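Chain by chain, the residues:
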Amino acid sequence: MNVLNEPESNTGSLEFLQKSQLGMDSESLLADLSRYYTRMLGRRTLRTDTPFLYQALVYALRDRLMERWNDTNIVLERDKARRAHYLSMEYLMGRLLHNALYSLDAVGASSDALEALGVELALVEEAEHDAGLGNGGLGRLAACFLDSCATLGLPMIGYGLRYQYGMFRQKIVDGFQIEEPDLWLRDGFPWEIQRLELARTIRFGGHTQIIQDPDRGERHMLVDTRDVLAVPYDVPVPGYRNGVVNTLRLWSAEATDEFDLEEFNAGSYTEAVEAKTAAENISMVLYPNTATESGHELRLKQQYFLASASLQDVLADWHKRYGEDLTEFASRNCFQLNDTHPAVAVAELMRLLMDEHGLSWDSAWHITRSCMAYTNHTLLPEALETWPVPLFERLLPRIMEIIYEINARFLDEVSIHWPGDNARMRRMSLIDENGGRSVRMAYLAIVGSYSVNGVAALHSRLLTEGLFRDFAELWPEKFNNKTNGVTQRRWLAACNAPLSRLITDTIGDRWVTDLDLLEGLREHVNDTDFRERWRAAKLANKQRLADMVLERTGLALDTSMLFDVQVKRIHEYKRQLLNVLHAIHLYDRIRRGHDEGLVPRAIIIGGKAAPGYVMAKNFIKLIGNVARVINNDPAMRGKLQMVFYPDYNVTAMEAICAAADLSEQISTAGKEASGTGNMKFMMNGAITIGTLDGANVEIREAVG
Ligand code: 26V
């Protein structure tokens, strides 16, 4: 379907809703904003309290989004086209206010409304806490896809977890990284709508019982489980000026009443409360991506919780719309697995279809394999998830049985294809028999999917030649590439106003939804006026970043210098160390007076290190030490500066990518799956220095 192409005539209650739309002018916005501020939030004097003004503005806006949200859902309910369900443990959304205003074309009107109160919109926007429910590239990619699908009018819903604590905040103390909890929900999250009526029960532990069903024969039932409630919170995802609002549905874990009651009846009050906490722990914290963090029971619980709640949600909706007949289910639904994190969904869908909906193995497997798709985001072997079999058996006994059965049938297929090749069987088995036995989640995802993709041309090729070679030989048609992308709405139009204005003045505004049109700038590269405005835009952005750096670190950056920027997670393969060695080399050259031809340069590095990644944390300390030596040496004045930007996040990147002159993309070739920061810098007019890795290869082909 395309929500945008709905015929006018078939709208039913939709017409009524559209007629009732709230005004988007500054007067009606101001009226609603003031009402929320005084009556709902109970504040008396306007203008003083920006956090409450922020909340009031969001409520006023949410009312307007809600109309479009309902409209979109009405169209969706009627529509029979295939729906995409993005299953992701991470959504790195950043701030939502500016994006919503921009999508609704209400920046000007809100700005005027607030001006009437003597408050600047930018100040109110500053009150919003980043929704940092992700580690880095993988989570931000999910957020960009949400924006693009809504803008394209595609029926896509994002499923994720509503962590109480998002990505940790990074403090730098004596040059060392200190992690602080990110209490992003403390002041509330005014965008979300709790949907208690759609809560699902998720069952852990217990054991399977086989019962004889008179109609269907043998049936597997889970008994004696420990149940947790999954409560959804919906966040609106507005498309760009098209009336579409899609949904991000985040699950929060709560204790079930039954669970508490059982303990109460046994007379153990404290145990009951403990059980409640244990249930709520499931969605408590986002795991930072350290290899050493893997293998945690809680993480597997999170994965199953997400997979089961989301699949139950989709199946319940299916039954509401079409009844028990699942024949068309796979042609109307697909599930995109964002890395292996939600891969347990393959076995969970089998369980739901067989045990809860009475399908045979063959029918269930046919459906599952036709609607699951898997995106791989890394070639690093240490990042490939495996789970110990004993843990699986204890936590998800029925799921483990199903995985064994999937494996047995799959290995039969392998042995037909390669008779007698036992080494290959061992290599391809879903169960790794080396050391303690463990489940290979990537293999489960491949076997259970109709599509497996990498995230850049090089990466996808390396997958089929290396990591997944056996599987690509067996099923070549399954493997494909989908090079990553980023939304130009957030990463150019909204975050870089001066450049955005210049581009629109030059080629019109259609590039906001069709990035290829930037090609049209080529014919203006020698236009003096264009070049002057380009430089002025860059300088203004550099000043904005310099102000932020001054506020956060006390260092005054010289905006006439080349801003040489590397921001991303700190990792050995990303080679921040190479960047530091270059800084030391420049320092040495300047000290020795060998600095002829050197462009004055400010080196800016930012990023978080996983809390357990000692080497990465040492890099941060090193960067700080080298920066101190450089910045305190009078010989470097006007020639070299260096700074570590603390607590790098989505909001920081919005200012940073607009201000960069040089973008550092220097990963060890073959290690960075794609990169997406590289794209953000490139579309803001920075030059890239990089290795031929990930999407750098394709960016170079595109831009020369
Ligand atoms: C792994 C783990 C392991 C255990 C605990 C939590 C956790 C969380 C995340 C990960 C894997 C992260 C993989 C990732 O972010 N890959 C990046 O994906 C980007 C989007 O495709 C891509 O641009 C980057 O090159 C790639 O590094």
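Residues numbered from 1 in each chain as written. Predicted model: local features only at pLDDT ≥ 70, side-chain atom pairs only at ≥ 80, totals over all residues. Heavy atoms only, no water.

Peer 1: Run through the pairing of strand 13 (residues 333–338), naming residues and quoting values.
Peer 2: Along strand 13, six of the six residues are buried, which leaves the element largely enclosed by surrounding structure. Of the two faces of strand 13, the one holding Asn333, Phe335 and Leu337 and the one holding Cys334, Gln336 and Asn338 are both buried throughout. Judged from the five bridges that link them, strand 1 (residues 83–87) and strand 13 form a sheet pairing that is parallel. Following the sheet pairing, Leu87 is matched in strand 13 by Leu337. As paired elements, strand 13 and strand 14 (residues 372–375) share four bridges and run parallel to each other. Of the residues in strand 14, the one forming a bridge with Phe335 is Met372. (Buried < 20%, exposed > 50% of the residue type's maximum accessible area, 1.4 Å probe, protein only. Helix = DSSP H or I, 4+ residues; strand = E, 2+ residues; numbered from the N terminus. Pairing = 2+ DSSP bridges.)

Peer 1: Explain helix 13 (residues 361–371) to me, and be specific about the residues and the numbers.
Peer 2: Within helix 13 the residues assigned to the buried category are Trp361, Ala364, Trp365, Ile367, Thr368 and Cys371. An end-on view of helix 13 places all buried positions within 165 degrees of arc, on one side of the element. Among the exposed residues of helix 13, those pointing more than 90 degrees away from its buried face are Asp362 and His366. Looking at the packing, one finds that the buried side of helix 13 touches helix 11 (329–332), strand 13, helix 12 (345–356), strand 14, helix 15 (397–417) and helix 17 (441–447). (Arc of directions from axis to C-beta. Contact = heavy atoms within 4.5 Å.)

Peer 1: Outline the pairing of strand 2 (residues 91–94), supporting the account with residue identities and numerical values.
Peer 2: Along strand 2, one buried face is formed by Tyr91 and Met93 and the opposite face, lined by Leu92 and Gly94, is buried too. As judged from the three bridges shared by strand 2 and strand 3 (residues 131–133), these two strands associate in the antiparallel manner. The residue bridging Gly94 from the neighbouring strand is Ala131, located in strand 3.

Peer 1: Can you explain helix 7 (residues 137–152)? Please cite residues and give values.
Peer 2: If you check helix 7, its first and last C-alpha atoms are 22 Å apart, about what 16 residues at 1.5 Å a residue would give, namely 22 Å. Of all 16 residues making up helix 7, twelve are buried, and the element is well covered by its neighbours. Leu138, Gly139, Arg140, Leu141, Ala142, Ala143, Cys144, Leu146, Asp147, Cys149, Ala150 and Thr151 are the residues of helix 7 that are buried. Positioned one or two residues after helix 7, Gly153 has a phi angle of 70 degrees, which is positive. (Expected span 1.5 Å × (residues − 1).)

Peer 1: Mind laying out the state of the cysteines, listing which residues take part and the relevant values?
Peer 2: Under the definition given, this model contains zero disulfides. No disulfide involves Cys495; its sulfur sits 4.0 Å from the nearest other cysteine sulfur, which is in Cys657. Residue classification places Cys495 among the buried positions, given a relative accessible area of 4%. (Disulfide = S-S within 2.5 Å.)

Peer 1: So what about a negative patch on the surface? Which residues, and what values?
Peer 2: A grouping of Asp25, Glu27, Asp112, Glu115 and Glu120 is seen on the molecular surface, where their side chains present a negatively charged patch. Looking at the secondary structure, you find Asp25 in the loop between helix 1 (13–19) and helix 2 (26–40). Owing to a relative accessible area of 34%, Asp25 belongs among the partly exposed residues under this scheme. (Patch = residues over 30% accessible without salt bridge, like charges linked within 9 Å, V, L, I, M, F, W, Y side chains within 5 Å. Areas by Shrake-Rupley, 256 points an atom, 1.4 Å probe, with all protein chains shown as cover. Salt bridge = Lys/Arg side-chain N within 4 Å of Asp/Glu carboxyl O. Lys, Arg positive; Asp, Glu negative; His and termini not counted. Charge placed at Lys NZ, Arg CZ, Asp CG, Glu CD.)

Peer 1: How would you explain the packing of aromatic side chains if you had to name every residue and give the values?
Peer 2: Evaluation of the coordinates by the stated rule reveals 16 aromatic pairs. With a centroid separation of 5.7 Å and 70 degrees between ring planes, the pair formed by Phe204 and Tyr304 is classed as edge-to-face. With a gap of 100 residues between them, Phe204 in strand 8 (residues 200–204) and Tyr304 in helix 10 (residues 297–322) connect regions that are remote in the sequence. Across the pair, Tyr304 and Phe204 agree in class, each one buried. Measuring from ring centre to ring centre gives 4.7 Å for Tyr443 and Phe471, while their planes differ by 55 degrees; the resulting arrangement is tilted. One end of the pair, Tyr443, is in helix 17; the other, Phe471, is in helix 19 (residues 469–474), with 28 residues separating them in the sequence. Residue class for Tyr443 comes out buried when judged on its relative accessible area of 16%. Here a set of aromatic residues connected by ring pairs shows up, and it is made of Trp318, Tyr322, Phe329 and Phe335. Its end group placed over the ring of Trp418, Arg424 keeps NZ or CZ at 3.8 Å from the ring centre. (Phe/Tyr/Trp six-rings, centres within 6.5 Å; stacked < 30°, edge-to-face > 60°. Lys NZ or Arg CZ within 6 Å of the ring centre and 35° of its normal.)

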